[in-house]
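Each chain is listed here by its residues.
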Amino acid sequence: MFAALLDYATASHAAEGGPRRRITICLTNNAAERALRGIALGRKSWLFAGSDRGGQRAAVLYSLIVTAKMNDVDPQAWLADVLARIAEHPAKRIDELLPWNWRRHNENATEAA
C-alpha cells in the first residue's frame, strides 16, 4: 500500500513535467505514542473505575481534557470556567463553551479588560 502511494506520487509529479525530487517521509509514530502515554500509564487505574458507568464518565472527561489540549487551551481553567457558567448559560449558545470557541471568547474578554 505504501509503495503504491509512493509510486503514484512520483508518477504524477513526473507526468507534470517537473523535476524529480527526493520524497522524505517520517516513518516513526513518536508523536502519537507520546500522546497515548498518559492513557497507557493509567491503564491499570481504568480497571478500577468502580462500574461501567464510572468508566464511561472517565472516558468522557478524558475526551474533554484531550480536546482542550488539542486546541491549546488549559484544560483546568477551561473546565473550571465551563462548570461555573454552564447552569446559567443559555442552551442555544452552548457552542460558546466548546474549547475552540471558549479560547476566542476569553482572548476577546482579556483584550477588552
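Please refer to the structure higher up on the page.
Notes on the structure in this doc start here. Note that the structure is predicted; figures quoted are calculated from it, not measured.

What follows covers the overall build of the protein. Across its full length, the protein carries 6 helices and 0 strands. When its helices and strands are written in sequence order, the protein yields α-α-α-α-α-α. When the 113 residues of the protein are sorted by exposure, 12% land in the buried category. If you take every contact in the protein between residues at least 6 apart in sequence, the share linking residues at least 24 apart comes to 29%. Only carbon and sulfur atoms are counted for the fraction: they give 59% of the accessible area of the protein, which is about 9,500 Å².

On to the environment of N71. Relative to the helices and strands, N71 resides in the loop between α4 (52-70) and α5 (75-85). As a C-alpha pair, N71 and P99 span 28 residues in sequence and 6.5 Å in three-dimensional space. For N71, the residues in contact, after removing those within four places along its chain, are P99, W100 and R103.

Conventions adopted
- Residues numbered from 1 in each chain as written.
- Predicted model: local features only at pLDDT ≥ 70, side-chain atom pairs only at ≥ 80, totals over all residues.
- Heavy atoms only, no water.
- Helix = DSSP H or I, 4+ residues; strand = E, 2+ residues; numbered from the N terminus.
- Buried < 20%, exposed > 50% of the residue type's maximum accessible area, 1.4 Å probe, protein only.
- Contact = heavy atoms within 4.5 Å.
- Areas by Shrake-Rupley, 256 points an atom, 1.4 Å probe, with all protein chains shown as cover.

Functional significance is not addressed by these values, which are geometric in nature.
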